[in-house]
Each structure stands twice: as structure tokens, then as C-alpha cells.
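Coordinate analysis (summary)
What follows is each chain in one-letter form.
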Amino acid sequence: MKTSVKLFSYVGIVLFFSVQYESMGQIPLNKNCSNTDGSQRAFNRVMFFLTLNDREAERIEVGATDETVEQIRPVDIEADCSNLTQIITNSIKYSRVDANLGDKRTKYYYKTGNLYYIFWDRKPEYDGIPFTAPKTLFIVVSKDFSEVWEYYF
């Protein structure tokens, strides 16, 4: 009897620590960075901003005329993500958009050489599924985080 109580206690302790260890491994390293793997649709949103003729005035306004498609990357540096998250948090409008995403949408942080881009779009698992939607908020932020421009595309 004592042996089985000891065995059950030992098994219980091992299970407890294995579950704790496993859950610790699921904490993301970049807690502020959203979807650092990105998605093709998200990449395309930035690419369209940089390349479509009808967005030339916006590119000139933000100083994006020298930014290239080859520079487009998801933001994966924690300090940059934290600064971008502060921009969202400090704006009532942006905070509301962020709070009302729904199950199929997420926030994306992208960057090029001198600019950051924040926008909300469908999650990567919905990349290949066509849909229609109204224009959505697309935010451009200067490299030093001091200037913010907002557009609807």
C-alpha cells in the first residue's frame, strides 16, 4: 500500500512538472510582435502601398519613394514592436480597432528601410480564401516613431 501511494505521488509530481515545463515553452519570445511569420496577403498590402500608381501621393507624403519591395519584412525586434504597440495603445481609435478584431483578423507589423507599417487584416490561414471587405486602416510610421500617417485602402 505504501509503495503504491509513493508511486502515485511520484507520477503526480512528474506530471505536474512536465505540464509546467511544456506550458513555459509556449510563451512567445516577441510578445508584442504580431504574426512575425507574416502572410502573403499582409506582404501584398505593403507591396501595393509601395508599387500601385494610385498610392504615389501617399508614398511621397511619407517619404517612401525609395523604399523597395525587397525590403519588406515582418517586424521581429521586440523594442520596435513595443514602440509600435505604444502607438496603438496611445490612440483611442487604434485601440478600438485592435480590440474589435474578431476571430478571423489579426494585427500586422511590417517594415522597410525607413518606415514601419501597422494594419489589421485576415489571419494567415485565410490567405487563399477570396473575400470582399471595405477599406481598412493602414498606418505608416517613421523609422524614429515620431511621425504617424493613416490611410484607408
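Note that the coordinates shown come from a computational prediction; the quantities given were computed from them, not determined experimentally.

Analysis parameters
- Residues numbered from 1 in each chain as written.
- Predicted model: local features only at pLDDT ≥ 70, side-chain atom pairs only at ≥ 80, totals over all residues.
- Heavy atoms only, no water.
- Helix = DSSP H or I, 4+ residues; strand = E, 2+ residues; numbered from the N terminus.
- Buried < 20%, exposed > 50% of the residue type's maximum accessible area, 1.4 Å probe, protein only.
- Contact = heavy atoms within 4.5 Å.
- Areas by Shrake-Rupley, 256 points an atom, 1.4 Å probe, with all protein chains shown as cover.
- Pairing = 2+ DSSP bridges.
- Axes fitted to C-alpha atoms, helices over the stretch in contact; angles between N-to-C directions.
- Parallel < 35°, antiparallel > 145°, perpendicular 65-115°, else oblique.
- Nonpolar A, V, L, I, M, F, W, Y, C, P; charged D, E, K, R; others polar.
- Salt bridge = Lys/Arg side-chain N within 4 Å of Asp/Glu carboxyl O.

A few points about the overall build of the protein
A count of helical and extended segments in the protein gives five helices and five strands. Sorting the 153 residues of the protein into buried and exposed places 33% on the buried side. Taking the contacts inside the protein whose residues are at least 6 apart along the sequence as the reference set, 57% of them involve residues at least 24 apart. A total of about 9900 Å² of accessible surface is found on the protein, and carbon and sulfur atoms cover 56% of it.

Some details on the sheet that holds strand 4 (residues 137–142)
With antiparallel pairing, five strands are arranged side by side in an open sheet as 1-2-3-4-5. At either end of the open sheet lies a strand with only one pairing partner, and these are strand 1 (73–74) and strand 5 (148–152). Direction of pairing for strand 1 relative to strand 2 (residues 105–111): antiparallel, over a ladder of two bridges. Residue pairing for strand 2: Arg73 is matched across the bridge by Lys111. Taken strand by strand, helix 5 (residues 92–99) contacts strand 2, strand 3 (115–122), strand 4 and strand 5, and its axis lies near 50 degrees from that of strand 5.

Section: the packing of helix 4 (residues 78–89) against helix 5
Close contact between helix 4 and helix 5 brings their axes to 6 Å; oriented N to C, the two are set at 100 degrees. With respect to each other, helix 4 and helix 5 are oriented roughly perpendicular. Across the interface between the two elements, Ile87, Ile88 and Thr89 from helix 4 touch Tyr94, Ser95 and Asp98 from helix 5. The class makeup of the residues in the contact of helix 4 with helix 5 is three nonpolar, two polar and one charged.

A few points about the pairing of strand 3
When you tally the buried positions in strand 3, you get eight out of eight residues, the bulk of the element. Note: strand 2 against strand 3, seven bridges, orientation antiparallel. Looking across to strand 3, one finds that Arg105 is bridged to Arg122. What sits between the antiparallel neighbours strand 2 and strand 3 is a turn of three residues. Alignment of strand 3 against strand 4, held across five bridges, turns out to be antiparallel. Pairing of Ile118 across the sheet is with Ile139, part of strand 4.

Brief notes about the pattern of salt bridges
Side-chain pairs of opposite charge can arise whenever the charged atoms involved come near each other. Here the structure, examined in full by the defined rule, presents four salt bridges. Here Asp121 makes a salt bridge to Arg45, at a shortest N to O gap of 3.2 Å. With Asp121 in strand 3 and Arg45 in helix 2 (residues 40–51), this pair connects stretches of sequence that are 76 residues apart. The pair Asp121 / Arg45 is uniform in exposure class, with both members buried. The partner of Lys107 in a salt bridge is Asp98, with the nearest N and O atoms 3.1 Å apart. You can call Lys107 buried: its relative accessible area is 9%. We classify Asp98 as partly exposed; its relative accessible area is 24%.

A look at the pairing of strand 5
Alternating residues of strand 5 divide into Trp149 and Tyr151, all buried, and Val148, Glu150 and Tyr152, none buried. Note that strand 4 and strand 5 share five bridges and pair antiparallel. Bridge pairing in strand 5 links Ile139 to Glu150. Here strand 4 hands over to strand 5 after five residues, with Phe145 in that stretch at a positive phi of 65 degrees.

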